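Coordinates in review
Listed here are the chains, written in short residue letters.
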Amino acid sequence: MDRSDLSRRSLLGLGSLAALSIPLAGAGPASAAPTFPDPGSSTPLSAIRSYGDMADQLHALARSSRFPVTVRTLSQIGTQESLSEQGRELYVATVGSGATPVWVQGRIHGNEPYGLDSTMTVLRSLATSGAAQWARIREEFTVHVIPVYNPDGSEANIRETILWDRAADAPRLDAQGRQQRIDLNRDWSPTGFVARESLAWYEYWTMVKPAYALDIHHQGLKRDYVTGEEITFSLGISLAPGGPTLPTLEGGAYDVLTRQMQSHVWLETKDYGFIGIDKYDVGYGTVIDIRGGVVSAMMLGLDHAGLNPSGHSNPAVFFETSGNTRDGNIGHKARGKMVRQNVLGLTAWLDGLADGSVFEVDPTIWDDQIPGTPVLRYLTDWGGVIPA
Ligand SMILES: [Zn+2]
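Reference entry: report on the structure contained in this document. (Residues numbered from 1 in each chain as written. Predicted model: local features only at pLDDT ≥ 70, side-chain atom pairs only at ≥ 80, totals over all residues.)

Here we take up the sheet that holds strand S14 (residues 286-289). With respect to topology, three strands assemble into an open sheet ordered S14-S16-S17, the strand pairing being mixed. At either end of the open sheet lies a strand with only one pairing partner, and these are S14 and strand S17 (385-387). The sheet shows a mean angle of 30° between the axes of neighbouring strands, taken without regard to direction. Here S14 pairs with strand S16 (residues 377-380) via four bridges, running parallel. Bridging from a neighbouring strand, Asp289 pairs with Thr380 of S16. (Pairing = 2+ DSSP bridges. Helix = DSSP H or I, 4+ residues; strand = E, 2+ residues; numbered from the N terminus. Axes fitted to C-alpha atoms, helices over the stretch in contact; angles between N-to-C directions.)

Here it is, written out as structure tokens:
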């Protein structure tokens, strides 16, 4: 998800927001927090891991790891649709021997790169560390790691995937002769599944039936609306807690569980001095309730094309890190900390689910303790903007 992308078109038309003299998402100059390096004004694309790097590193890890890692493509697994629009293989690595499947994905938005680095770092710990924490995660879970959900967008350094005419090896053009780009994180919907990647990963999800899922993104440079302090890490729940959708699912269980997951992550990461954490929003007073997002559709138990007849669903959350390559504000100096905060958060999430501590967390920590904007309205992909 990307807050600036999500918000600009939808929110700029709102009179109520225009009346607030508060900058919208993504506005404002970049500058450094005391403990987080200035992300800089240029993006070192050559230093960002590529899809090819990922494939090489996955295979190398599978060959050399202390604990078994299985690296497969969806072609090898045998989903009906198994390639990206442009024909790239879709990779998943699994590790652990537990009965409970867990889903971790990065880089569904191609210009949000560090989901790849973060998931690879955690995968390496899962594959090589003998520490009790990692042993417990391997015993409890089989973790399905998808470092790059959107290889075409990653290679092109764009958010979306481009619908592709494979015979002509060129973009499929619309009636006006324009490329058709699909945001893969809005494509798991009753009217979606336009892109091949969506069909492929969705079918895999119906095969895995994970118990929990996590998705890693980047957002624009963000500051706390009140204090002005830099926010480097936002915790997200794509169907708003207490909002119009989440409390209706599974008797309200996901409304509690998602808050417990993110509250646990917050408790475990808030005291690292270099991380500035809040709850994800798309502008002052506005949070999302997006049903076509992948992790939302998982919670909704979407049954597309009869592939999910049992209505499997699972609670799911997401992380947002500062900067993205589109805005050129992800410079190299902050890279280590940007990746590290995701790794810390992802590790806390896995560990807390494996040892059960997530389920002991007070879910009202989400509402009462984690910094964030007041919830005045919901930005939806199904009913416009709805007052809270
Ligand atoms: Zn994103």
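Glancing now at the packing of helix H5 (residues 114-128) against helix H11 (residues 335-354). A pair of packed helices is characterised by two quantities: the angle between their axes and the separation of those axes. It is the contact of H5 with H11, at a shortest axis distance of 9 Å, that shows an interaxial angle of 50°. Classified by the angle their axes make, H5 and H11 are oblique. Judged by the twist between their axes, the crossing of H5 over H11 is right-handed. Residues Tyr114, Asp117, Ser118, Thr121 and Val122 of H5 form the contact with H11, whose own contacting residues are Met338, Val339, Asn342, Val343, Leu346 and Thr347. Of the residues contributing to the contact of H5 with H11, the split by class is six nonpolar, four polar and one charged. (Parallel < 35°, antiparallel > 145°, perpendicular 65-115°, else oblique. Left-handed = near helix turned anticlockwise from the far one by under 90°. Contact = placed C-beta atoms within 7 Å. Nonpolar A, V, L, I, M, F, W, Y, C, P; charged D, E, K, R; others polar.)

A separate point is the pairing of strand S9 (residues 212-219). Of all eight residues in S9, eight are buried, a share of seventy percent or more. The alternating pattern of S9 places Tyr212, Leu214, Ile216 and His218 on one face and Ala213, Asp215, His217 and Gln219 on the opposite face, and all of these are buried. The pairing of strand S3 (residues 100-106) with S9 spans five bridges and is classified as parallel. Residue pairing in the sheet places Val102 in a bridge with Tyr212 of S9. Bridge count between S9 and strand S15 (residues 316-322): seven bridges; the pairing is parallel. Residue pairing for S15: His217 is matched across the bridge by Glu320. (Buried ≥ 20, exposed ≤ 12 C-beta atoms within 10 Å, placed from the backbone.)

For H5, which comprises 15 residues, the first-to-last C-alpha distance of 21 Å matches the rise-based estimate of 21 Å (1.5 Å per residue) to within 8%. Counting buried residues along H5, 11 of its 15 residues qualify, which places the element largely inside the surrounding structure. Among all positions in H5, only Tyr114, Gly115, Leu116, Asp117, Ser118, Thr119, Met120, Val122, Leu123, Leu126 and Ala127 are buried. (Expected span 1.5 Å × (residues − 1).)

Let's shift gears to unusual backbone geometry. Phi is positive for Phe193, close to 60°, though the residue is something other than glycine. By the element assignment, Phe193 lies in the loop between strand S8 (181-182) and helix H8 (196-208). The partly exposed category is assigned to Phe193, around which 18 C-beta atoms lie within 10 Å. Not every positive phi belongs to a glycine, and Ala305 is a case in point at roughly 55°. With respect to the helices and strands, Ala305 occurs in the loop between helix H10 (294-300) and S15.

It is the contact of helix H3 (residues 51-64) with H5, at a shortest axis distance of 11 Å, that shows an interaxial angle of 5°. Taken together, the axis directions place H3 and H5 in an arrangement best described as roughly parallel. Residue-level contacts link Met54, Gln57 and Leu61 of H3 to Leu116, Met120, Leu123, Arg124 and Ala127 of H5. Of the residues in the contact of H3 with H5, the class split is six nonpolar, one polar and one charged.

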